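Geometric and topological summary
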Amino acid sequence: MIDEETEHNFLKGASFDDVIARYNFDRSLRLILFDAIEIIEVALRAKIINHLSQAKDSGLWYLDESLFEKMEYYEDFLLDLK
């Protein structure tokens, strides 16, 4: 009996080694991209913190509720910090 849901058509000449090679390439590419994204994220976060600290002339800018659109955002932010 043939299960049509698991029946697959493969190209002639396709091999499991090809699948493994593509998987390894994908994994390597993903690691490279996430490393780059992490560097950008940390740099951007540092820039934002630096800008806000200078604008408010204090390293405690995050305690200024006027910087938040809604009081709920401010309260959630402080709870996350705690």
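Scope of this entry: the structure provided in the associated data block. (Residues numbered from 1 in each chain as written. Predicted model: local features only at pLDDT ≥ 70, side-chain atom pairs only at ≥ 80, totals over all residues. Heavy atoms only, no water.)

**Topic: the packing of aromatic side chains**
Under the counting rule described, the total for this entry stands at 4 aromatic pairs. An angle of 85° between the planes, with centres 5.9 Å apart, marks the rings of W61 and Y62 as edge-to-face. Residue class for Y62 comes out partly exposed when judged on its relative accessible area of 25%. Pairing F68 with F77 gives two aromatic rings, centres 5.3 Å apart and planes at 45°, and the pair type is tilted. (Phe/Tyr/Trp six-rings, centres within 6.5 Å; stacked < 30°, edge-to-face > 60°. Buried < 20%, exposed > 50% of the residue type's maximum accessible area, 1.4 Å probe, protein only.)

**Things to note about a nonpolar patch on the surface**
Nonpolar side chains collect at one region of the surface, where F25, L29, L33, F34 and I37 lie side by side and expose about 510 Å² of accessible area between them. Counting through the fold element by element, L29 comes out in helix 1 (residues 16–55). (Patch = residues over 30% accessible without salt bridge, like charges linked within 9 Å, V, L, I, M, F, W, Y side chains within 5 Å. Areas by Shrake-Rupley, 256 points an atom, 1.4 Å probe, with all protein chains shown as cover. Salt bridge = Lys/Arg side-chain N within 4 Å of Asp/Glu carboxyl O. Helix = DSSP H or I, 4+ residues; strand = E, 2+ residues; numbered from the N terminus.)

**Quick look at the pattern of salt bridges**
Scanning the model with the defined rule gives 3 salt bridges in all. Note that R45 and E41 form a salt bridge whose closest N and O atoms lie 3.1 Å from each other. You can see R45 and its partner E41 sitting in helix 1, 4 residues apart, about one turn around the helix. A salt bridge links K56 to D64, with the shortest nitrogen-to-oxygen separation between them at 2.8 Å. Assessed through its relative accessible area of 22%, D64 is described here as partly exposed.

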